[in-house]
Amino acid sequence: MNHGPTSRVGLFLSGGSMLEEEFSELEMNRLEKARRLRAEGLEPYPILSERDTSSQEAIAAFEAAEVAGSAEPVEVTLAGRIRAIRNMGKLSFAHIEDGSGKVQLFFRVDELGQEQLDAFARNFDLGDFIEARGTMFRTRRGEVTLQVSAFKMLAKALLALPADKDEQFNGVTVRHSVLTDPETRYRQRYVDLAVNPQVRETFKLRAKTVRALQEFLDGEGFIEVETPILQPIYGGAAARPFTTYHNQLKQQLYLRISFELYLKRLIAGGMERVYEIGRDFRNEGVSFKHNPEFTQLEFYMAYADYHKVMDLVERMVSFTAQKVAGTQKLKFRGHELDLTPPWRRLSIRDGLLEQLGLDIYELDSFDKLAAWMDAKGMKYDPAAPWGKLVSQLQEEYLEPKLIQPTFLCDYPRDVSPLAKQVPGKPQMTERFEIFVAGMELGNAFSELNDPMEQEQRFLEMGREYTEKDEEHHPMDEDYLRALAYGMPPTGGFGMGVDRLVMLLTNNASIREVILFPHLRESGSGAAEADAPEAQ
RNA sequence: GGGCGCGUAGCUCAAUGGUAGAGCAGUGGCCUUUUAAGCCAUUGGUUCAGAGUUCGAUCCUCUGCGCGCUCACCA
């Protein structure tokens, strides 16, 4: 059934492999070549490579010598994966690819002898790793090429990569086939990376994104820290956690759903500006913007409120876009986005006024708002608090309209248990979320630092969730103690790094920016029959 | 978890209620001392799995598995 390559990685060359019987003719062919090499005293998987430069460096060195009029030959040893072979009897051409790009190899009979030339044609296939020594030259067609004086196998590929031959038709490059099946691409990311250069590029940009965020925050005086992933009490977000267990301590533990409560302990301890970039885990559904484990950035700055956080965040994201994409203007999901600060700042109240003509400051109780929704024929949970109804309206009627980067401000207290109230508006809190292209990118607030008020919020939240019997939020007494020792006024912020990378690389799905996104365990029969788990 | 869609050769895709085809890749041959992304021939399929309807199923029905989109969930 599933004859994907994963199933046969465990086999070896010495024969006797049970899995060998499942080899296709094509694969048997390659295995025979590997065995033949070994029989001839040539190791198909040698330890050492003598490579001394990359393909693009070699080309650059040759071109520099050319310009300088140097007669000195450029001698190099290159290594890479064979991507194309053209055997022509008395000469052969090949293209190899390394981390820097592609370069052509030229095998010539009067340089290597017929025996060597035949050995290349007989033993080497697309996908093999080869090392080749020689001098660089320019062919009649003008392509800078390595004329090979010696070569050896570095690693024989037993499985064929998906074919991706390019052909020119009237000057247009046609790619005959590439690996596009999403399942194969995610499950066998190594094949995807080997065959799809833009995938490698995406993950280079992802690394650059994280570096840029660090560079920016470091420059603003933040200290990068690491806090526990295994937590006895989870918190800081409303999400179902993954649970695990420490055997020796006989202790139930949770994988963190946010960093928030630990980072604010650090602020209470006198670290004025801290951030963490790391993995969060939420036991929830998956979608184009949700993966059960995802990379989160959170920072906290003492003596700041959410307005100061907004100022910093728009500069941070704009800085990162410039570093990574080289521009503030991005194409994403059919939109033209402009990240140039300042971003729009819109309160939920004003937004709902604009979209629905609804003033939540007038309809400031559950009964009033519910009556209004009844009149409009809208459905809602009759057990929900007022703030939940506001959230529902905001999600349905407001968020999808927020295409250009927007700070959506001032959230109901009911749904913001860790945020400070807006002065004079006790049912609202100083909180904002960032929306870009209708997608939530970040979440922030003026952090609640009144321990007595925080305790009340925990209690209310605990009641609410206990009644629903779905999520139970235990009181985090140690966190309350930290607040009781005193935490300065603090602005905090959290952002999904994967989603930022989606924006910066114009990838519509979070799976495109996570190397190994979570997929359902693959089919029972295939997994059991194929996986050589004998241990 | 619900709805919709998809699953055919190594890869990308066709086709049909009468037993499956193309391009690329593979194999063999031609040929060639700075190109060939060439020419000729050829191998390769449990049409995701199981059951049902039918004289006959890859196609129709059901179930299962997997993937995608979407909804729900996700302050």
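Computed from a prediction, not measured in an experiment: that's the story for all the values here. Sequence order as written defines residue numbering, which begins from 1 separately in each chain. Here the convention is simple: chains get letters from A, ligands get numbers from 1, in the order in which they are written. Residue-level local features of this predicted model are given only where pLDDT is at least 70; pairs of side-chain atoms are given and counted only at 80 or more, and the full residue set underlies all totals for whole chains, interfaces and linings. As a rule here, side-chain values come from all non-hydrogen atoms in the structure, and water together with hydrogens is ignored.

### Overview of the protein's contact with RNA strand B
- Nearness is defined per residue: one heavy atom within 4 Å of the molecule or strand is enough. In the region of RNA strand B, 56 residues are neighbours, and R86, M88, F137, R141 and A238 sit closest.
- The contact atoms of RNA strand B, taken as those within 4 Å of the protein, divide so that sugar and phosphate hold 64%.
- Here a polar contact means two N or O atoms within 3.5 Å. Within protein one must be a hydrogen donor candidate and the other an acceptor candidate, and residues neighboring in sequence count only if both atoms are side-chain atoms. Contacts to RNA strand B include E284, whose side-chain N or O atom sits 2.9 Å from a sugar or linking oxygen.
- Here R431 contributes a side-chain N or O atom positioned 2.5 Å from a sugar or linking oxygen of RNA strand B.
- Mapped by element, the contributors of at least two residues to the surface near RNA strand B are α1 (25-39), β2 (91-98), β3 (101-108), α3 (109-112), β6 (166-169) and α5 (182-187).
- With four residues, α1 is the largest single contributor of residues to the surface near RNA strand B.
- Per-class residue counts for the surface near RNA strand B are 20 nonpolar, 14 polar and 22 charged. Helix and strand assignments come from DSSP, with helices taken as H or I runs of at least 4 residues and strands as E runs of at least 2, each series counted from the N terminus. Note on residue categories: nonpolar means Ala, Val, Leu, Ile, Met, Phe, Trp, Tyr, Cys or Pro, charged means Asp, Glu, Lys or Arg, and polar means any other residue, Gly included.

### As for the packing of helix α8 (residues 260-268) against helix α14 (residues 477-484)
- In this analysis, axes come from line fits to C-alpha atoms, helices being fitted only over the stretch in contact, and the angle between any two N-to-C directions falls in the range 0 to 180 degrees. Where α8 meets α14, the closest approach of the two axes is 9 Å, and the angle between their N-to-C directions is 25°. The orientation of α8 relative to α14 falls into the category roughly parallel. Pair α8 / α14 crosses with left-handed handedness. Across the interface between the two elements, L261, K264, R265 and A268 from α8 touch D478, Y479 and A482 from α14.
- Here the contact of α8 with α14 is composed, by residue class, of four nonpolar, no polar and three charged. By the definition adopted for this analysis, an angle is roughly parallel if under 35 degrees, roughly antiparallel if over 145, roughly perpendicular if from 65 to 115, and oblique otherwise. Note: crossing handedness is left-handed where the near helix turns anticlockwise from the far helix by less than a right angle, and right-handed where it turns clockwise. Residue contacts are counted whenever heavy atoms from the two residues lie within 4.5 Å of one another.

### As for the pattern of salt bridges
- Only one rule defines a salt bridge in this text: a Lys or Arg side-chain nitrogen within 4 Å of an Asp or Glu carboxyl oxygen. Going through the model one piece at a time under the given rule, you end up with 38 salt bridges.
- In this structure, the salt-bridge partner of E453 is R413, at a minimum N-O distance of 3.3 Å. Of this pair, E453 sits in helix α13 (residues 451-468) while R413 is found in the loop between β17 (406-412) and β18 (421-422), placing the two residues 40 residues apart along the sequence.
- Looking at R413, the relative accessible area reads 16%, which means it is buried.
- The closest approach of N and O atoms between R431 and E433, which form a salt bridge, is 3.1 Å. Three labels apply to residues, based on accessible area from a 1.4 Å probe with only protein chains included: buried if under 20% of the type maximum, exposed if over 50%, partly exposed otherwise in between.

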